[in-house]
Structure formats: structure tokens, C-alpha cells
Amino acid sequence: MEAERSARADAEASAARMERLQSVTAALSRARTPDEVAEVTLGRGVSALGGARGLLLVPGAGGGMDVLPSGDGVGAAAAARLGGPGPVRDAFHSRTPMFLEDRASLAALYPGHDGLAGEAFIALPLPSQGLPLGVLYVAYDAPRAFPDAERALAVTIASQCAQALDRARLFVAERLARAEAVAAQRRLAFLDDVSALLAATLEEEEMAAGVVRLAVPALGDWACVLALRDEGLVAAARLGLESVGAPVEARARALAVERLLIAGEPPRPEPIDEFPELPAAGPAPRSAVVAALVAGGEALGILAVASADPARRYGAADRVLVGEVARRTALAIAHARLLRDARAAARAREEFLQVASHELRGPLGTLRLGVQLLLRDQRGGPATKPSEPRLRMIGRQADRLVRLADALLDVSRITAGRLVLAREEADLAALVREVAGRYTEEASDAGCALTCDAPGPVRCPFDAARIEQVLSNLVSNALKYGQGKPVHVSIAASSASARVTVADRGIGIAPADQERIFGRFERAVSGRHYSGLGLGLWIVQQIVAAHGGSIGVESTPGQGSSFTVELPLAAD
């Protein structure tokens, strides 16, 4: 009878264990995330093992152990203690269950160990394909023996937990991968929209406005493009809440100065998650990204986006997307500028050809007329002498053709970097007097009183032929635009430089044109009323710069102009 009762008790205990195991297994089969697996294991699993409490620990960063479910602050504190020498670490590394029937057994193996409260403990590795996924640690409130059947149940529950945890991780990974694939498709579609927008216009302002329109709300609640101009960063386009954008723009400008707008390869987009100065009213920025607009090693500006959503932080994928938008925008702006410059160069070339044709036809026509008149005089008889005024006119037109040809040759030399100077120390004042004297007759024809104030020697190193070219151009211009009013040429010397000034009281130059006139093919007046190729002042500036000097102009429209050339007294 005793044997029969014992057999019946064993059968009932076995059936109870099987029922508990089935309950745990069924619950684990429904768990879809690691946290749900942990909740089932620490609830039904620990209860099935008769434990009072438990922890599910998985490998964490830095070699420590993390606790599941995530967010369990009490468990996390215990995990920090259990990660050191003790039954949890040994069970994990040896992949062998640890059964400690009382606290004395724990103290004998691990003196001073402080883990979960309790009197008996088990540490069960969670095996998956030969590798442990973590450890199930269970504590009991009283000493407890662990017969073979109980040990087998514990090992089986740990195995079921490991399988469920493995499935949950695969499920989460698949879900994340699917979400990332959808997000990647959205990012690609967004980039396609950006490219289409940038390809549809050649105007920088329209590009900037279009990019921020696409960025809000796709990338955030506010977006801005700041263009780098001569005066600094200028807002090309903004869109979104001002309370969100103002703090971000302030930080973006500071970042641009510190490290974003540096010539060379564009830096990585900068995340901003801290804002010292927040608006007193309205939504505030929570996260932002700033990316540089750099193309061909040239900094063009910055792109900034920001979000007011407290739950949003711009991650690595977001920063890559903003960086790609910035890269495409910078390339589009650079290409638009190249095309604009090419068109401007083409227009300048066409205008130059028209002006050059006009300039060449003028002296050629005059020469032709002079020759025809001389031939007519010659047919009048052998005693007829050539007219001196006609010969002088022919000579002046021939000189004008030579100057035009020399100007074209100088453009070629300067552009190719082949402008060679033959500098020798000489008296610059003497050259000034010589050039001024040479233009006496032309000044008389123009009705201008030409005076020269160049007393005493001013010795400095210069290329006489080139500086003569500079002075001739300035004096010729003064007579051309002087409107029959006086022209004065002077020279003065300081301790370090010589200053030659050519002043007239003619039509003057508008302030907006005073810098532009030194450009190639640039003119401040209509070619219909004044001859010239628009090359003279550009060649003058290049020659003066090659001497280490400078040229400037002071002018008031209707009151005349004063050009000053400054040359160093000593060679560099």
C-alpha cells in the first residue's frame, strides 16, 4: 500500500510539473518581444519553479549584464551586483545550471556575494544553438532541496525561455528591418523629389525655397538654407515656426563659423540636441541637424532642419539624409553658378566681338579715307605735296590699331600667366613728364588743358614699357571722358611708395561701377558713345599688381574721376 501511495504521489507530482510546463510553454509561444518573454518567464516560469522572485539577465554593453524587461529599475540595480563573480556569471560562462540549496552553500562558493534576497537560489543558462543568450536567476524564501525532477523542470523551462527569446529577437529584428526598408524607400522618394526640384530651376533662390518646402514637414517642423555671401551668412529661405527656428539658426551660425564652412571635403552633419536659449512662448526645438553646403571644395552655405517633437531625435540615418540633401543642393547651386558664368562669358564674348569689330572698323575706315585723299592729291600732279594733317591723322589711326592689337595680345599673355616684367631702377617722374608731353596734341584736339606736376626725380624699380602703357591708358581715358575740361597728372613720393595721379573733371563714374570697371571686358559707359574694348583698366590693374602696387579710383558722377597708381620704391 505504501509503495502504491508513493507511486500515485509521484505520478500526481509529475502531472503537476507537466501542467506547469505546458502553461509556461503556451504563454511563451504567444510572446513576441523580448520584454514579453521576460514577463512570462518571471511570472509563470518562476511560479512554476516555486520561486519567490527572479531576474532574466542578458549580456549588456561593456561586458556587464542587462535586465529584462527593459526599464526595470530595481532589477537593473540587482543586475549590476550580479554581473560580478557569482552564480550568474558562472552559469553563463560554463553553460551549466547552478543549484544552491541554502545561503550557506552560496557563501561557501562565493563569499561576500550580494544578490537577490532569499535563502536558496538557482542560476539557469539560456542555451541557443550552443551559445547562452542569458541567465534566469530565481530566488527562494526558504532553503530548498532540488531533486532531479525539479532540476529537469528548471532546465526545460530555461530551454523554452531561450527558444522564445530567440524567436522574439528574430521577430523584432524582422520588424525593424521591415520598418527600415519602408523608411529607406521614403528617404529615396524624398531624395528623388529633391533632385527633380533642383533640376527644374537654375535660380539659387528658387532652389533654396523648394528645398525647405520639401523639408517641412518631411524632415521636421522648421528648415532653413543660409547662403554664404561676401557679407556673411544670409538667409536664402526659411520655413516653419519661428520659435523653433530662431534658436537653431543661432546655433547653426556659430557651428558654421567654428567648423562647418571650411574649404575642402564637407564635414559630417552636426546634430544639435541642446539649446541654451529657448523661446519664451511657442513650441521650442528639441532636436536639429545642420549640414554644410560644399561643392568642389567651396563652401556655399548651410542647411538646417529642426523638430519640436519631444519624442524625436535625429539619428544616424536622419543625419545621412540631411547630408545627402545638402550635397545635392550644393552641387545644383554650383552647377547653376557655372552655367550662369558660362552664359555671362558667352555674352561678354559676343559683346566683345561686336565692340572689337566696331573699334577696328573705325581706324581702318579713317585710314582708308586718308589713303584715298592722298591718292587723289597724287593724281593732281607731281608737284602736289602730301597734306601734313592727313599724314598725322593716318599715323594716329595706325597707332590706335597697334594699341588695339597690343591690348588683345596682353589679354592672352596675362590670362596664360606669361606677363614678364623687365624691371630696372629709373626716374618715374621723368616717364610721367614724357607721357604727358606726348599727349599734348591729342589734348588740344579734345579741347582739354593737360597739365603735369612731376618735379624732381622719383626713383624706383619698374618696367618702363609697361608703366608707360599704364600711364598712357589713364591719360588717354582722362582725355576721352574729360568733356573738354582740364586734366591734371601728378606724382608724389612717400617713404615707401610713389603715387601717380591722373585726374579729370569729366563725366565721372557711378559708385556701383567703380569696382566693376577693373574687370575684363567691363565698361561703365555705352560703347555707342565712347570707343574701347573694356580691356584697358583690367590690363592696367594686372600690370600694377605684377609690380606689387595698387590702383584705385575716386569719382563723383558729373564732377570727374581721379585714378591713383601706387608703386613700391623698393623691389620685393
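Predicted model, so just to flag it, every value in this text is computed and none were measured.

**Describing the overall build of the protein**
Check the secondary structure of the protein and you find 14 helices and 17 strands. Within the protein, the proportion of its 572 residues that are buried is 41%. Of the roughly 30,000 Å² that the protein leaves accessible, carbon and sulfur atoms contribute 54%.

**With respect to the sheet that holds strand β1 (residues 53-59)**
Pairing is antiparallel across the open sheet formed by 5 strands, whose spatial order is β2-β1-β5-β4-β3. Across the chains shown, the open sheet's two edge strands, defined by having one partner strand only, are β2 (65-68) and β3 (98-100). On average, adjacent strands in this sheet sit at an angle of 25 degrees to one another, irrespective of strand direction. Helix-sheet contacts for helix α2 (residues 34-48) involve β1, β2 and β5 (131-140), and the interaxial angle to β1 is about 150 degrees. Contacting β1, β2, β3, β4 (120-128) and β5, helix α4 (residues 87-94) runs over the sheet at an angle of about 150 degrees to β5.

**Quick word on the packing of α2 against helix α6 (residues 148-199)**
The N-to-C vectors of α2 and α6 enclose an angle of 165 degrees; their axes lie 9 Å apart at closest approach. Taken together, α2 and α6 sit at an angle that is classed as roughly antiparallel. When you trace α2 past α6, the crossing you get is right-handed. Within the contact between the two elements, α2 uses P34, V37, T41, G45 and A48 and α6 uses L153, I157, C161, A164, L165, A168, R169 and V172. Partitioned by chemical class, the residues of the contact of α2 with α6 number 10 nonpolar, 2 polar and 1 charged.

**Side note on the sheet that holds strand β6 (residues 222-229)**
Strand order in this open sheet of 5 strands is β7-β6-β10-β9-β8, and the pairing throughout is antiparallel. A strand with exactly one partner marks an edge of an open sheet, and here the two such strands are β7 (232-240) and β8 (270-272). Shown here is a sheet whose adjacent strand axes are inclined to one another by a mean of 20 degrees, direction ignored. For strand β9 (residues 287-295) and strand β10 (residues 298-307), the ladder comprises 9 bridges, and the chain directions are antiparallel. Note that in β10 the partner of L293 across the bridge is G301.

**Looking at the pattern of salt bridges**
If you walk through the whole model with that rule in mind, you get 16 salt bridges. For R238, the salt bridge is made with E249, and the minimal N-O distance between the two is 2.8 Å. One end of the pair, R238, is in strand β7; the other, E249, is in helix α8 (residues 242-260), with 11 residues separating them in the sequence. Residue R238 is classed as partly exposed on the basis of its relative accessible area, which comes to 48%. Using a relative accessible area of 11% as the deciding quantity, one classes E249 as buried. Here E566 and R499 are joined by a salt bridge, their closest N and O atoms 3.2 Å apart. Of this pair, E566 sits in strand β17 (residues 560-568) while R499 is found in strand β15 (residues 497-504), placing the two residues 67 residues apart along the sequence.

Reading guide: rules and limits
- Residues numbered from 1 in each chain as written.
- Predicted model: local features only at pLDDT ≥ 70, side-chain atom pairs only at ≥ 80, totals over all residues.
- Heavy atoms only, no water.
- Helix = DSSP H or I, 4+ residues; strand = E, 2+ residues; numbered from the N terminus.
- Buried < 20%, exposed > 50% of the residue type's maximum accessible area, 1.4 Å probe, protein only.
- Areas by Shrake-Rupley, 256 points an atom, 1.4 Å probe, with all protein chains shown as cover.
- Pairing = 2+ DSSP bridges.
- Axes fitted to C-alpha atoms, helices over the stretch in contact; angles between N-to-C directions.
- Contact = heavy atoms within 4.5 Å.
- Parallel < 35°, antiparallel > 145°, perpendicular 65-115°, else oblique.
- Left-handed = near helix turned anticlockwise from the far one by under 90°.
- Nonpolar A, V, L, I, M, F, W, Y, C, P; charged D, E, K, R; others polar.
- Salt bridge = Lys/Arg side-chain N within 4 Å of Asp/Glu carboxyl O.

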